[in-house]
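In case you want the letters, here they are:
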6 protein chains.
Amino acid sequence: MTNITSSIHEKLWTNAKFLGFDASFDEASVVVFGVPFDGTTSNRPGTRFSTSAMRPESYGLETYSPLLDLDTGDVAIADMGEVSLNLGNTQLVLNQIQAVVADVLSANKKPLMIGGEHLVSLPALKAVYEKYPDVHIIHLDAHTDLADMLSGEKYSHGTFMRRAYEFLGEGRIYQFGLRSGCREEFNIPGVYQEKFDITTTGEIIKQLSGKNVYVTIDVDVLDPSIMPGTGTLEAGGITYRQLEKFFLELKNSDMNIVGADIVELSPPYDNSGSSTATACKILREISLILANK
Amino acid sequence: MTNITSSIHEKLWTNAKFLGFDASFDEASVVVFGVPFDGTTSNRPGTRFSTSAMRPESYGLETYSPLLDLDTGDVAIADMGEVSLNLGNTQLVLNQIQAVVADVLSANKKPLMIGGEHLVSLPALKAVYEKYPDVHIIHLDAHTDLADMLSGEKYSHGTFMRRAYEFLGEGRIYQFGLRSGCREEFNIPGVYQEKFDITTTGEIIKQLSGKNVYVTIDVDVLDPSIMPGTGTLEAGGITYRQLEKFFLELKNSDMNIVGADIVELSPPYDNSGSSTATACKILREISLILANK
Amino acid sequence: MTNITSSIHEKLWTNAKFLGFDASFDEASVVVFGVPFDGTTSNRPGTRFSTSAMRPESYGLETYSPLLDLDTGDVAIADMGEVSLNLGNTQLVLNQIQAVVADVLSANKKPLMIGGEHLVSLPALKAVYEKYPDVHIIHLDAHTDLADMLSGEKYSHGTFMRRAYEFLGEGRIYQFGLRSGCREEFNIPGVYQEKFDITTTGEIIKQLSGKNVYVTIDVDVLDPSIMPGTGTLEAGGITYRQLEKFFLELKNSDMNIVGADIVELSPPYDNSGSSTATACKILREISLILANK
Amino acid sequence: MTNITSSIHEKLWTNAKFLGFDASFDEASVVVFGVPFDGTTSNRPGTRFSTSAMRPESYGLETYSPLLDLDTGDVAIADMGEVSLNLGNTQLVLNQIQAVVADVLSANKKPLMIGGEHLVSLPALKAVYEKYPDVHIIHLDAHTDLADMLSGEKYSHGTFMRRAYEFLGEGRIYQFGLRSGCREEFNIPGVYQEKFDITTTGEIIKQLSGKNVYVTIDVDVLDPSIMPGTGTLEAGGITYRQLEKFFLELKNSDMNIVGADIVELSPPYDNSGSSTATACKILREISLILANK
Amino acid sequence: MTNITSSIHEKLWTNAKFLGFDASFDEASVVVFGVPFDGTTSNRPGTRFSTSAMRPESYGLETYSPLLDLDTGDVAIADMGEVSLNLGNTQLVLNQIQAVVADVLSANKKPLMIGGEHLVSLPALKAVYEKYPDVHIIHLDAHTDLADMLSGEKYSHGTFMRRAYEFLGEGRIYQFGLRSGCREEFNIPGVYQEKFDITTTGEIIKQLSGKNVYVTIDVDVLDPSIMPGTGTLEAGGITYRQLEKFFLELKNSDMNIVGADIVELSPPYDNSGSSTATACKILREISLILANK
Amino acid sequence: MTNITSSIHEKLWTNAKFLGFDASFDEASVVVFGVPFDGTTSNRPGTRFSTSAMRPESYGLETYSPLLDLDTGDVAIADMGEVSLNLGNTQLVLNQIQAVVADVLSANKKPLMIGGEHLVSLPALKAVYEKYPDVHIIHLDAHTDLADMLSGEKYSHGTFMRRAYEFLGEGRIYQFGLRSGCREEFNIPGVYQEKFDITTTGEIIKQLSGKNVYVTIDVDVLDPSIMPGTGTLEAGGITYRQLEKFFLELKNSDMNIVGADIVELSPPYDNSGSSTATACKILREISLILANK
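Being a predicted model, the structure only gives us computed values, none of them experimental.

A. Seen up close, the overall build of chain A. Along the backbone of chain A there are 8 helices and 11 strands. Relative to a compact globule of 293 residues, whose C-alpha radius of gyration would be 19 Å, chain A shows 18 Å and is just as compact. If one aligns the C-alpha atoms of chain A with their principal axes, the spans along those axes are about 70 × 40 × 35 Å. Residues counted as buried form 69% of the 293 residues belonging to chain A. A fraction of 77% describes how many contacts in chain A between residues 6 or more apart in sequence connect residues 24 or more apart. By element, 47% of the accessible surface of chain A is carried by carbon and sulfur atoms, the whole surface being about 8500 Å².

The following block contains the structure:
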């Protein structure tokens, strides 16, 4: 029987990698990593479990995307696992994430970060901004995340884009799918906001031709029917089909997409596993887009 | 440290109110209350738990509605809690609900009732009819609820509108989103019925300009994808986006909306909490519409 | 009190039949039966429980379909229960299913089979092909199921249509709603494939006028928002409304529909019961179409 | 292939019977039937679904009981399905149940009823009392069910034993495992009550040697750890091992057990299926005891 | 009908109070309040939802405790709702909790705090210590919570008792039910530790006769079979019956119990509701003990 | 900020290893691996997901066992991930598992296999038997697994021990905790069987002093209250405390434990995560025992 399996070293494997992303850091053009932080979540916590749920779930997905006509087997993507974070200290966590993103960028690779809550995008934006001071942000979300304070705190999943706005300035942030916020958040000068839908992404993406762009996707931009596993549910979201149109627009654009993140999946709130499977599919499509541009 | 919090009386609060509706009965123009009755539910019971699930869930919602551009902070709404009901006696329960609705109406306030099963709308309609004999009913539902008998009973969630029809008469009931019933229920003279969709609400609302109107929303008008937490599931329902169009039509109408109810949420059947969150959002929009008309 | 219920024989009943399908085999024009097999399921097993979950759930459905304006009370349908299968032996199971379908067809009745995983359709197609060598297949699915091998096996839920293609030949298979597969599966000669949607069913159904047609519906053609209870989740599916359009096309067609199946419902993955309820509704519509053509 | 399965009539079957109880009414010594009524449930409803969940679950059980060294294959038990009940009318339901139990008793068979809520035991006790005016009751329950009124009603799952006490009189009721009730319910003259445990069942069973005895088991006598799927949870219950000791005492007793019931399983509150599986095992043991005495 | 219900003011009520604890602050001898904080939870968060789940669940409980032969209707307990906390700032939250507990103590009432994670006990212990410098602590828990640091932080649910030890000193802390911790945590001088069980509570309670004692109960001291709804699961815990023995020891002791807390219930992880119901029962027993000593 | 985190290579990690078992194959004395096979499961499938659920869950556990006073940080254990299996072909899967176990044994290391269904133990026993022809088996299980055939198949989770008995012979198999099987399975000559409990493990372990022993633990030996997440539920099982006694007996024995396995965890059936957490704790204790003997 030894001719069936000659050695344990050859025949064991672990499903520790998203979608079989097994390129080394050096080989990869896109670097995927998880940041399991949900320390400022004001409603339902649990995004800390997103990556540990997504990795095994991702094995149900094909490597080929019929939508994009691209295959992850044709590109080099590294899954570097989770960033080691001092979870009890928000400021230190933000510094740790920023250092990792800066490290990926300095190696001339594209970061693809999996949250965690949306505050984790702030240090990513900071690192990207330091390398690309002219960066523009495409932001899909149910919430503006432009509050100045939340529960008395400046650094929160509900304020992160306000903090980013303070260093990015006007004319840099493009928000889509918004359907929640206080009145003030819908009146910030120099922020593009499409409420309720994402019908104008195509037009904006054309405007941003040739520019450096970072894409941040809060999965709650999707309707809760398809994405119940998230922290703050807002009915009236977009369908996955609408998101697919956006993916095609990204693929066909002339922007320089310098990085991206996918945040706010909270697996414990969807026992069916459907939210996690959908997040995995988004990850596949975004990683293919990043790797092929 | 005593300067941080000077007294327990100032620093404690309870989340006993929907959406922070803390006006007193006297101050309020809209009076919200729960009727946790599901005694005739023929399929999956549990609507008795709707309000106890909705109150804490409602704290995840903003007070501001981007759809309506209105804020619950600008209006006076009272959450009076649950009506005390003799749950084992259906006729007595109906009488108790009718008395409460009559009481709210006699104070020239608008009742906004949270079910419970749909039978609770019958006494509300009776009380409204007694004050406004010319009242018209806008009824969103997957089911016609026009059966004459259900399980051998005259008073049931599946017959309530037939009983109301008996005193309201023809030309008063407008039903939308219907997709279940026996053949006879789709052939009641003098009842307007839009099957499968709610595309004609705008037209009907225009026809009802200037009239007294009561609105009753069975959450199962929504597709089970967005509202699995209800008693009787019927695929093929409307999306939340379609409901939003209806809300705008209500807001912009010239009808005199004299009251409303939202019924048939059954939280135990949706562990994700999404159905409950969606019901809370419907409550916010309807309460804002009632308070601003 | 004996006048209330004269005898236990008259007053007891079991809910062992789908939707009250209580015709005998001889009386029936349509024969419904379950094949609780999920032995080759590569991702989330559980379709073996579909029929035991569907039967009690089906009692929440009306016998009347407003969509089709047909009532199961007007037709003769037999629910023959589950086929007795040697579950541990895939080849024997396939033989057993084929024999049952052949038996139904030889009695000049229409088989309506409830899976189980999609591999169960292969022996059904074989039996249908033996009686109707010119049969055409309408196949709704998220996946092409045209792989040559899966996990090293030739007979699998992901390869069943490839095996059928080997005896049916080109020009016989029409697939709709596809959104997953490897690149090769989207390039099989002589297989009609509509990706992502089912907008062309009407046109194809017209082309197939007068022909013998078998319809196989994998419930995962629906979006996971409405059908989370299935083995392999693929976001971007069709809505139930789109399926209703297809049902009307079937009802109004001139095809000779010789049989059908509904497969891949996995109840353990949807605790809300919504997936099961939706599968029951599909069963009602399909059984009405078969019985009325 | 036709030699594998010669005819559909021979090879199809339904899992409509508990544990394969397929004796006819006439053949059987024990008659099992379900009464899916939960109309007066004051806390969490859902016992109406007990039998439809138990039947398919029961197929995971062996027919042989190692505890009792008895096998259901050696005895004749009929599963007559569910009693047809007018669910909206409590008094009529009680009459219907009483008539069925009387019918079974008049055929000199032993009724084994599956609830439903505990109120269904009242008409069973009435029917048993009419045939055996000297009957004694062994009652396992977390609750005394001896309240005079509940929610203003005389007939309720919380008052049923008080109603039975009114016709049975003192010295007939033996309660075990009690751990909830108001103070008055623990001071009813002539009712034997063991609080918190069932250590005295053996002694009482000896006292009842030679007597006619009816056994009613509310599954909530078990600790919620093993039986979360019930309407009213009370920590501090007995273990299944303790229940097994009771089963052995029943098997070895000299009482004439004239009937029994098992009530208050509410499957929707235990998604693991464990509560339902445990109820099935209790059903197997009790049916074996009844059939072998 | 107006004689049925004369006024809405009389007939409406809310279930905002635990177990009907409706005494005012001034009337009460025991003051119950929630602290919905889980900011340092290292494993599964969600204790922030404990009180909003417990309040409605508590209505399934009787006011009478057969175990203690006491009734909450005979004592004056105030449920003051949740403490308003700045959730994003751990140090500020600790200060806010300490101020509230101090406020209750200064009014010569007994605080009964409902967590939240176990770190909330630290400020309670501080406030108690300031009033009663000789206070002793009875601590039931699966974990020692005596780590010096967790995830690099000094203030955490896993370190809170180490911080308390620093001001309480040796000979004051008595731990029971411990079954998790690193080796060092089991070797802290001057801390009494019973591993795996709570058999010595009776003896220790006798030793503490006449002393001021604070009781802190982490619900994870119970076995996960009865308490799956908690953050960090440790098999091998005590049964609820063992906890009942402890309650009787407390009731019959001569200690001066100056306050208590019940922490670490995380409702989202137990969809059956059983964990929440059990926590409510613990709350009833502890509040009765505090109010009757 | 670069001094915080100098390089992504140093700061990223994956939680791909059970309990941090990061020794290499060559360093390790114990080799852990998963065999995610559930192809013959007759009731509820899902054990294929055990290891992907256990790995992330295991991070909630301490490395130190207070029970055994041992720490995984002090020993060298390798987690080699999952064995790559041809899941559609049972015989090939069995060969693949046997080859892996033989490979581990030939390197003079101890295999610790995580199932998967119990059939996976058969090839492990075969490989162990080939190296140690005198091996004795300690088997904890609710079921005897001694049937000759199941669903017409010889190789099944319900027959595996019968197949092993055929080559091991009499006097080698010691079963504990049995409470399900057909009558014949309790009468196999030369198999030691303790029904219902595990009180005699200590005595048997003494008898086996000095002998080569393999330990196979089906988690369903535990009561469903603590282990609902398994395929076939049998009430009346042992408590975790009883299992702890067994662990101490193993630790203190003089047997040569040559390998072990832990099988039948089915995570999808316990949404609370408690079953998975308990399985992880069993894994920690067994791995510590193997590594320290």
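B. View of the packing of aromatic side chains. Applying the stated rule across the entire model yields 36 aromatic pairs over all chains. Each ring, one from Tyr240 of chain C and one from Phe247 of chain C, has its centre 6.4 Å from the other, and the planes form 70 degrees; the classification is edge-to-face. Taken as a pair, Tyr240 of chain C and Phe247 of chain C share a single burial class, namely buried. Geometrically, the ring pair formed by Tyr129 of chain D and Phe167 of chain D is tilted, given 5.0 Å between the ring centres and 45 degrees between the ring planes. Of the two residues, Tyr129 of chain D is situated in helix α4 (residues 121–131) and Phe167 of chain D in helix α5 (residues 160–168); the sequence distance between them amounts to 38 residues. Aromatic ring contacts, followed pair by pair, group Tyr174, Phe176 and Tyr192 of chain A into a single cluster. A cation over a ring is seen here: Arg44 of chain A above Tyr269 of chain A, with NZ or CZ 4.0 Å from the ring centre.

C. Focus on helix α2 (residues 50–57) of chain F. All buried positions along α2 of chain F are accounted for by Ser50, Thr51, Ser52, Met54 and Arg55 of chain F. Summarising the contacts, the buried residues of α2 of chain F are in contact with α2 (50–57) of chain A together with β2 (30–35), β5 (77–83), β6 (110–115) and α8 (274–292) of chain F.

D. The pattern of salt bridges, seen in detail. Under the definition given, this model contains 78 salt bridges over all chains. A salt bridge links Lys281 of chain C to Glu234 of chain B, with the nearest nitrogen and oxygen atoms 2.7 Å apart. On the criterion of chain membership, the pair formed by Lys281 of chain C in helix α8 (residues 274–291) and Glu234 of chain B in the loop between β10 (212–218) and α7 (240–251) is interchain, its members lying in two chains. The pair Lys281 of chain C / Glu234 of chain B is uniform in exposure class, with both members buried. Linked by salt bridges that have partners in common, Asp148, Lys154, Arg163 and Glu166 of chain A make up one network.

E. Summary view of helix α7 (residues 240–251) of chain E. Residue and element names in this part refer to chain E. In this model α7 runs 16 Å from its N-terminal to its C-terminal C-alpha over 12 residues, within 8% of the 16 Å that 1.5 Å per residue would give. Three or more residues of α7 are buried, namely Tyr240, Leu243, Glu244, Phe246, Phe247, Glu249 and Leu250. Close packing links the buried residues of α7 with β7 (136–140), α6 (201–207), β10 (212–218), β11 (256–263) and α8 (274–291).

F. Structural detail: the confidence of the model for chain A. All names here are of chain A. Mean pLDDT over chain A stands at 92; residues scoring 70 or higher make up 95%. Counted against residues more than four places away or in other chains, residues 1–15, with its pLDDT under 50, gives 43 contacts. Taken together, the chains of this predicted complex give a pTM of 0.95 and an interface ipTM of 0.94.

G. Expanded view of the nonpolar core. All names here are of chain E. Residues Ile138, Phe246, Phe247, Ile282 and Ile286 are the most contacted members of the largest nonpolar core, which totals 52 residues. It is α8 that contributes the most residues to this core, 9 residues altogether. In contact with Ile138, other than residues within four places in its own chain, are Tyr174, Phe176, Ile205, Leu208, Val213, Tyr214, Val215, Thr216, Phe246 and Met255.

H. Highlighting the interface of chain B and chain C. Across the contact, 26 residues belong to chain B and 22 residues belong to chain C. Of all residues in chain B, Arg183, Phe196 and Ala235 of chain B bury the most surface against chain C, accounting for 31% of the area lost on that side. Counting the contacts that link chain B with chain C gives 4 salt bridges. The partner of Asp197 of chain B in a salt bridge is Arg241 of chain C, with the nearest N and O atoms 3.1 Å apart. Our enumeration of links across chain B and chain C arrives at 8 residue pairs in polar contact (both at pLDDT 80 or more).

I. Geometry of the packing of α2 of chain A against helix α8 (residues 274–291) of chain A. All names here are of chain A. Following both chains from N to C, one finds α2 and α8 inclined at 80 degrees, their axes separated by 9 Å at the closest point. The orientation of α2 relative to α8 falls into the category roughly perpendicular. Every residue of α8 that contacts α2 at Ala53, Met54 and Glu57 is listed here: Thr276, Ala277, Ala279, Cys280 and Leu283. Here the contact of α2 with α8 is composed, by residue class, of 6 nonpolar, 1 polar and 1 charged.

J. View of the arrangement of the chains. With 12 pairs of chains in contact overall, the greatest share of contacts is found between chains B and E. At their nearest point, the C-alpha atoms of chain A and chain D are still 11 Å apart, with no contact between the two. You won't find any contact between chain B and chain F; their C-alpha atoms come no closer than 11 Å.

K. Fine view of the pairing of β2 of chain F. Residue and element names in this part refer to chain F. In terms of residue burial, β2 counts as a mostly covered element, since 6 of its 6 residues are buried. Burial along β2 is two-sided: the residues Val30, Val32 and Gly34 and Val31, Phe33 and Val35 are all buried. Sheet topology places β2 next to β5; 4 bridges connect them, and they run parallel. Looking at the pairing, Val31 lines up with Ala78 of β5. Two strands pair when backbone bridges link them, and β2 and β6 are joined in this way by 6 bridges, in the parallel orientation. Within β6, the residue paired with Phe33 across the bridge is Met113.

L. Expanded view of empty space enclosed by the protein. Applying the stated criterion across every chain yields a total of 13 cavities of 30 Å³ or more. Its boundaries defined by the atoms lining it, the largest cavity holds a volume of some 220 Å³. Gly39, Thr40 and Thr41 of chain A together with Arg48 and Leu87 of chain E are the residues nearest the centre of the largest cavity, which is lined by 17 residues in total. For the lining of the largest cavity, the residue count by class is 4 nonpolar, 8 polar and 5 charged. Computed from the structure, the second largest cavity encloses a volume of approximately 170 Å³. In terms of lining residues, the second largest cavity is bounded by 16 residues, among which Gly39, Thr40 and Thr41 of chain C together with Leu87 and Gly88 of chain F are the most central. Considering only residue class, the lining of the second largest cavity consists of 5 nonpolar, 8 polar and 3 charged.

Cut-offs and rules
Residues numbered from 1 in each chain as written. Chains lettered and ligands numbered in written order. Predicted model: local features only at pLDDT ≥ 70, side-chain atom pairs only at ≥ 80, totals over all residues. Heavy atoms only, no water. Helix = DSSP H or I, 4+ residues; strand = E, 2+ residues; numbered from the N terminus. Rg over C-alpha atoms; globule rule 2.2 N^0.38 Å. Buried < 20%, exposed > 50% of the residue type's maximum accessible area, 1.4 Å probe, protein only. Contact = heavy atoms within 4.5 Å. Areas by Shrake-Rupley, 256 points an atom, 1.4 Å probe, with all protein chains shown as cover. Phe/Tyr/Trp six-rings, centres within 6.5 Å; stacked < 30°, edge-to-face > 60°. Lys NZ or Arg CZ within 6 Å of the ring centre and 35° of its normal. Salt bridge = Lys/Arg side-chain N within 4 Å of Asp/Glu carboxyl O. Expected span 1.5 Å × (residues − 1). pLDDT = per-residue confidence, 0-100. Core = buried A, V, L, I, M, F, W, Y, C linked by side-chain atoms within 4.5 Å. Buried area = accessible area lost by both parts, 1.4 Å probe. Polar contact = N/O pair within 3.5 Å; in protein donor to acceptor, adjacent residues only side chain to side chain. Axes fitted to C-alpha atoms, helices over the stretch in contact; angles between N-to-C directions. Parallel < 35°, antiparallel > 145°, perpendicular 65-115°, else oblique. Nonpolar A, V, L, I, M, F, W, Y, C, P; charged D, E, K, R; others polar. Pairing = 2+ DSSP bridges. 1 Å grid on protein atoms, 1.4 Å probe; cavity = no way out; pocket = protein on both sides within 12 Å on 5 of 7 lines; lining within 4 Å. Points joined across faces, edges and corners; volume = space filled by probe spheres on them.

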